Amino acid sequence: MKIKYPDDNELLNLFDQGTSFSEKAFTIITKKYGNQLYWQIRRITKNHEQTNDVLQNVLVKVWTNLNTFNRDSNLYTWLYRIARNETLNFLEKEKRHASIDTDDSIIEIMAGHEVLDRFSADKISELLLKAIETLPEKQAVIFQLKYFEDLKYSEISEQLGTSEGALKASYFHAVQKIQHFVLNELNHL
Amino acid sequence: MKQEKNIFDYIKRKEQENLSTDFFENLSATIIKQHPQQTTKIVPIHKKKIHWILSVASVAAIVLFMVIWNENKTVKLKITEQPTQEELLAYVNENIDDFDEDLFVELIHDQKEQHLHSKDFSNKEGQKEKSKKQKEAEFKEVQFEKLNKEEILDYLRDEELNIQDLENTIDETF
C-alpha cells in the first residue's frame, strides 16, 4: 500500500520553520523520493555500494541547500538534477578505479526485432540511458517516472505539477526520440 | 515504406526492488547528525513583500518631503521700499570709486529729475501729465543751466570732437 506523503509545498513550509521541523521535513522528503533517486542513480552505477555513496552525497546537498531552493521550480526536478550531476561526477572519479561487480541489465529484450536481436541487453540498455541523457531535463524526468517507476499519469502530474495531457504528449515524444537514437546507433555499429 | 517496429514493444524493463522506508529514515538521520549546522532560510530581500512595501513607502515619503520642502523654500521676496535720495547719495559717496562714470551720470540725472518733479511741478492733487517734449526740455534746462555755450565749445575742442555738428545742435538747443 502506497504511503500518502504531504504535498511538496507543505514540506518546504515545514522545513522553513527550522530546527526539529527542518529535520522532520527533510526525513519525509528522503522517504518520499528516496527510491526514485536511488534507482535513477543505480541504473547508471549498476551496483548498490556506489549507488549508496552517491545517494548520500545527493542527500547531503539537499539537506544543506534546501533553504536556498527556488520554489519557482518543481522540487523533484531539483532533486533529479542534483542526483544526475552527482552521479556523473562520481563516475568521472571512478573511471580511474577498477570497476566492481555490476548489476544485470535494467531491461530484457524480447525476440522479433531484426535490429535489437543482434545486440545484448546490456548494450541496448546502455544506449537507452544515453538516449535519455539527450532529452530535455523535464522530458527525461517524465520518461523515467513513467517507464522505469511505472507511475500513473495522475501521480506524475501531482509530483511535477504538470497536466496529464502535457505529460502524455511529452512521454510520447520522448519515446520517439529514444527509439530514433537507439536504432541510429545500432545501425551504425 | 517499411515502418520501423517500435523498439519498446520488444524491450521490457525489469522490476526494481524498492528499498524500505526505514533505510531512508536511517540515512536521513545519519546525514542530519553528520551535518548538524542547519542554516537558516535565506530569503532574498527582493522576495520579501514587506521589503517591497517599505521600499515603495520610503521612496514616496522622500519624494513628498522634497516637494513640500521646495515649496517652503520659495521665499516670496518682499517688495522692498525704494531707497530715499539721501540713502542713494550716501551709497554713492561710499562707493564712488566703484562706480562707472556713465552710471554715475545717469544716477544724478534721475535724482535731479525727481527733485524737479517734487519741487516745481509736482502737484499731489490733480497733477497733469506732461508731454514728452516738455520733459526733455526740462531735462536740458537742468543739465545745462550752469554752462554757457563758450564753455561747452571749449570742452569739445579740447576733446577733439566734431564741433560743427555739435555747434548746430547747441544752436538749436539754446
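Residues numbered from 1 in each chain as written. Chains lettered and ligands numbered in written order. Predicted model: local features only at pLDDT ≥ 70, side-chain atom pairs only at ≥ 80, totals over all residues. Heavy atoms only, no water.

Novice: How should I be thinking about the pattern of salt bridges in this particular structure?
Specialist: Opposite charge on two side chains makes pairing possible when the charged atoms of those side chains draw close. The full count for this structure, using the stated rule, is 13 salt bridges over all chains. Two residues, Glu25(B) and Lys31(A), come together in a salt bridge whose shortest N-O distance is 3.0 Å. Separated into two different chains, Glu25(B) in helix H1 (residues 21–34) and Lys31(A) in helix H2 (residues 19–45) make up a pair that spans both. Between Glu126(A) and Lys130(A) there is a salt bridge, with its nearest N and O atoms 4.0 Å apart. (Salt bridge = Lys/Arg side-chain N within 4 Å of Asp/Glu carboxyl O. Helix = DSSP H or I, 4+ residues; strand = E, 2+ residues; numbered from the N terminus.)

Novice: Which parts of the structure should I look at to understand the environment of Asn187(A)?
Specialist: Residue and element names in this part refer to chain A. Its location among the elements puts asparagine 187 in helix H8 (residues 164–187). Along the chain, asparagine 187 and valine 115 lie 72 residues apart, while their C-alpha atoms are 7.5 Å from each other. When residues no more than four places from it in sequence are discounted, the contact partners of asparagine 187 are Val115 and Arg118. (Contact = heavy atoms within 4.5 Å.)

Novice: I'm lost on the nonpolar core in this one. Help?
Specialist: Residue and element names in this part refer to chain A. Among the nonpolar cores identified, the biggest contains 68 residues, and Leu75, Tyr76, Leu79, Phe143 and Ile178 are the most heavily contacted of them. Looking at this core, the element that brings in the most residues is H2, giving nine residues. Among residues more than four places away in sequence, those in contact with leucine 75 are Asp8, Leu12, Ile29, Tyr33, Leu66 and Phe69. (Core = buried A, V, L, I, M, F, W, Y, C linked by side-chain atoms within 4.5 Å. Buried < 20%, exposed > 50% of the residue type's maximum accessible area, 1.4 Å probe, protein only.)

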